[in-house]
Structure formats: structure tokens, C-alpha cells
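Survey of secondary and tertiary structure
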Amino acid sequence: MIWVFAAVGFCWVCVCADGTRDLLQTTSATDSIVEEYVWRATVGSRAPDCFQRDVILVNGTFQPTLVITHGQYLQVTVVNDMPADYPSVADGISIHWHGFSMRGSEWYDGTGRITQCPIAPGTNFTYKFQVNEQPGSYIWHDHSASNRADGLQGALIVLPSVPQLPQYDAEKTLFITDWFHGKMGRQTASYPIICRGHIEAGARSDLRASNALQFTLNRPFATDSQSQQTGQWQWVGLPQANLINGKGFYGDCALIGGLGNVAGVATVDPTCNVTTGTIASGKSKQQPWATPSNPGCSHENITLVPGQTYRFRIINGGSLLYQTVCFEGHNVTVIAADATPTEPISFGPCVDVNSGQRYPQHSTLVSVSQQQPV
């Protein structure tokens, strides 16, 4: 089993994992030099962790993976079809190629209000550039508002143009994100932060951000330094789940006393309850608090063949949490970080992946034991 732990005493989640998403390719030049896509950003109701809420989709898909070959030209026309009443719609959207140097194509870097005007609702923008980056694992995500916390992001894989002698039998991508139940752009007075049907310990009743990308850091802690102008520092609250490749179950973790305080210190470890891969809709043993209309969900599952070695592209696309990924009973060998090959380094069964810029992108080798399940 693959275990994923969110650090610093947050909601620790133990989840099975699998696979990648369709590439959403619409057309491709016959010589395969230009890969062309049309991405329509829309809002739809989904329940990636069994909690139903609005998310941002690309061509109807949540957190799709994009795969491109080194040296090819990538052309992506992004159409903003988000509704006018979505909280962050006024900020527009833009797509950033996280980890790409974009040398010679700086104006397509996708940093809103810096290299381009954000794509307003009802309009579109076309990115076109040659992918000259080091083959490896990257992230594409929105960079105008904080829409990536609502799903406008995904794994970005650059393959080598010349086939290389593999060090492994097959590869898998694990795109890991922490997941909040509050939509980006919405400030809430008493938004219920729920895990296993219970309100988060220490939840505040006053105004606060609904996810980590709205977390304001530069407000004073000390009461005597606060004013009406400065406001006060507030902890954003805990994510409600971890997602692997867009799937998870927020009922995997039990919040307990101590997790919700400002220091984020847990008095006891959270308990994980990964007993099934699929959670049925409505009220069930896994969701005793659910209403009949509550949707089901599933963990990501991956099938490995004993005796083979697998490359896992582990990417932390989260907005807050530092993650530790463990392969129970197996050793992990890191062979690349920041899409840069490294000397193979063994870390035992676990590897740490931080959120943010390029560091979270790891490539690891896991040799599957004949006796020990993963």
C-alpha cells in the first residue's frame, strides 16, 4: 500500500494510488512537431473526496495530465468559459508552466498581470512555444487568481526526444494535492471544516480564508500590534483531504483535539482508515453522516507486478502541505528532482515532497517485492 502523510500535524491521509489522465488532445500536426490543444475552463459539480462542491474543469476533466516530447512545439488555446457568478471569475485565468525556464518564450510564461493580461470570461488566449526543457516532471496551473486550489492544474510531463535505455519496467504518475472544501475567492464567516462528519477542532467563527492560497501571512500576531487597517493573523485551517490523481476520501482521517490550534500541534496521531477503494454514494458505513444525495468517490488504485521496478513521478501540486509518501515494505530510490537527473539516492520506504516551486517533482524507483504488497 502507498501511504501519503501530510506533515505538521494536519489531516494525515492514507490513500491508495493510480494512473494519469487523458491528454485532452484535440488536433496534432501530421509531422508531430506541433501538439495542439483547445482547453475550455468550466465549472462543474464534482466530489473528488466524496464532498460535493464546485470545481474547475478542463474539457470536463478534473486535473488532467499533459504529456509533451522535448523539442516539440506546444500550442494550447485556453478558453475561459467560467460562469460570471464564480467567486474568482473577475480575476481571469492564465496558465503557467511550473518549472519551465521559457527562454525565448517569456511572454507565454502565464504569470497573470506580468507576462500577460488574464484571460477574461468569454475570451481566449493561445500559448505557443517550443518545449526545450529538461525531460522530466513539471506542473501546469492557473497563475492569475488561485484557481489551482479549485482544480485548474495538473501534471506536465516532458518526455525525451530520443528513447533512452530505461532503468525500470514501467512508470506511474502520482499528482498529489491537498484539498479544501471551501472554494477559492470566498471568504467565509463560519464555513464548516468537516472530517469524518465532525467540525474541525478549534475552528474559528470569524472571517477567514477558505483555502490556503488566500492565506494572508503579513498580519500581526500580537494583539497590541493589530489595528482595523492591519487586521489580525489567522490560521487558514486544515485541508479536508489529500487527493492522488484527483481522487481521495475525506473520511480517511479523524481530526482530534490539538490539530486545529494555531500551532498546528497534534496531541495524538490521527487515525487512518483505508479499508476500501470505493465509497458508495449516500449513507454508508464509510459515510454514516452522509445524505442520500451525497455522491460516492474512490481512491486511486494501482496494480504492480511483483519482481518489476517502477518509476513514480511524484508531484506535489498542493497549496499548503508538505507531504511524505511511503511505499510500505519497499525501498525508494530517487533518480531525479526538479526534473534534473541525480545520482541514485536511497531513502528507505519514504520520500518527502514539498509544495511550491520545482522541488516537489521527484522521480523515484520502487522495486516490487515478490512477497510484500505495495
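The rules behind the values
Residues numbered from 1 in each chain as written. Predicted model: local features only at pLDDT ≥ 70, side-chain atom pairs only at ≥ 80, totals over all residues. Heavy atoms only, no water. Helix = DSSP H or I, 4+ residues; strand = E, 2+ residues; numbered from the N terminus. Buried < 20%, exposed > 50% of the residue type's maximum accessible area, 1.4 Å probe, protein only. Areas by Shrake-Rupley, 256 points an atom, 1.4 Å probe, with all protein chains shown as cover. Pairing = 2+ DSSP bridges. Axes fitted to C-alpha atoms, helices over the stretch in contact; angles between N-to-C directions. Core = buried A, V, L, I, M, F, W, Y, C linked by side-chain atoms within 4.5 Å. Contact = heavy atoms within 4.5 Å. Phe/Tyr/Trp six-rings, centres within 6.5 Å; stacked < 30°, edge-to-face > 60°. Disulfide = S-S within 2.5 Å. pLDDT = per-residue confidence, 0-100. Salt bridge = Lys/Arg side-chain N within 4 Å of Asp/Glu carboxyl O.

**Details of the overall build of the protein**
Of regular secondary structure, the protein possesses zero helices and 24 strands. Buried residues in the protein amount to 52% of all 374 residues. For the protein, the accessible surface area stands at approximately 16100 Å², while carbon and sulfur atoms represent 52% of it.

**Thoughts on the environment of Cys 117**
Position of Cys 117 among the secondary structure elements: in the loop between β7 (95-98) and β8 (124-130). In the structure, Cys 117 is positioned 25 residues away from Gly 92 in sequence and 8.5 Å away in space, judged by C-alpha atoms.

**A look at the sheet that holds strand β10 (residues 153-159)**
In spatial order, the strands read β5-β10-β9-β7; together these four strands make up an open sheet with mixed pairing. Looking at which strands have only one partner, the edges of the open sheet turn out to be β5 (66-69) and β7. Neighbouring strand axes in the sheet, compared pairwise and without regard to direction, differ in orientation by 25 degrees on average. Pairing geometry for β5 and β10, over four bridges, is parallel. Each bridged residue has a counterpart across the sheet, and for Ile 68 the counterpart in β10 is Val 158.

**Details of the nonpolar core**
Leu 74, Trp 97, Phe 100 and Trp 140 are the most contacted members of the largest nonpolar core, which has 28 residues in total. Excluding residues that lie within four positions of it along the chain, Leu 74 makes contacts with Glu 35, Tyr 37, Leu 66, Ile 68, Trp 97, Tyr 127, Lys 128, Phe 129 and Val 131.

**Some remarks on unusual backbone geometry**
Of note, the phi angle at Asn 59 is positive, near 50 degrees, even though the residue is not glycine. With respect to the helices and strands, Asn 59 occurs in the loop between β4 (53-58) and β5. Classification of Asn 59 by relative accessible area gives partly exposed; the value is 31%. One non-glycine residue, Asn 245, adopts positive backbone phi at about 55 degrees. Position of Asn 245 relative to the elements: it lies in the loop between β16 (241-244) and β17 (278-279). Exposure remark for Asn 245: the relative accessible area of 7% places this residue in the buried category.

**Examining the packing of aromatic side chains**
This model, assessed by the stated rule, comprises 13 aromatic pairs. Centroid distance Phe 62 to Trp 179: 5.5 Å. Interplanar angle 85 degrees. Geometry classified as edge-to-face. Of the two residues, Phe 62 is situated in the loop between β4 and β5 and Trp 179 in strand β11 (residues 170-179); the sequence distance between them amounts to 117 residues. An aromatic cluster is defined as three or more aromatic residues linked by ring pairs; in this entry it consists of Trp 39, Trp 97, Phe 100, Tyr 108, Phe 125, Tyr 127, Phe 129, Tyr 138 and Trp 140.

**With respect to the state of the cysteines**
Under the counting rule described, the total for this entry stands at two disulfides. Residue pairing for Cys 50: its cysteine sulfur links by disulfide to Cys 297, the two sulfurs lying 2.0 Å apart. Between Cys 50 and Cys 297, the S-S dihedral sits near -100 degrees, and the bridge is therefore left-handed. Taken together, the positions of Cys 50 in the loop between β3 (34-46) and β4 and Cys 297 in strand β18 (residues 297-298) put the pair 247 residues apart, joining distant regions of the chain. Like Cys 50, the residue Cys 297 is buried in the burial classification.

**So, the confidence of the model for the protein**
Parts of the model with low pLDDT should not have their predicted coordinates read in detail. Averaged over every residue, the pLDDT of the protein is 75; residues scoring 70 or more account for 68%. Confidence drops under pLDDT 50 across residues 187-209; counting only partners more than four residues distant or on other chains, this segment forms 65 contacts. This model gives residues 357-362 a pLDDT under 50, and the stretch forms 34 contacts once residues within four places in sequence are excluded.

**A word on the pattern of salt bridges**
As enumerated under the stated definition, the model contains five salt bridges in all. For Arg 313, the salt bridge is made with Glu 171, and the minimal N-O distance between the two is 3.0 Å. Of the two residues, Arg 313 sits in strand β19 (residues 309-316) while Glu 171 sits in strand β11, which places them 142 residues apart along the sequence.

**What about the side chain of Thr 115?**
Tracing the chain through its elements places Thr 115 in the loop between β7 and β8. Those residues within four positions of Thr 115 in sequence are excluded, and the remaining contacts are Glu 106, Trp 107, Asp 109 and Gly 110.

**Digging into the environment of Gly 329**
In this structure, Gly 329 sits in the loop between β20 (323-327) and β21 (332-337). Look at Gly 329 and you get exposed, because its relative accessible area is 53%. C-alpha of Gly 329 to C-alpha of Cys 350: the two residues are 21 residues apart in sequence and 10.0 Å apart in space.

**Observations regarding the pairing of β11**
Within β11, seven of the 10 residues are buried, leaving the element largely enclosed by the surrounding structure. Here β11 runs beside β19; their pairing, made up of seven bridges, is parallel. Among the inter-strand pairings, Glu 171 is bridged to a residue of β19, identified as Arg 311. Direction of pairing for β11 relative to β16: antiparallel, over a ladder of four bridges.

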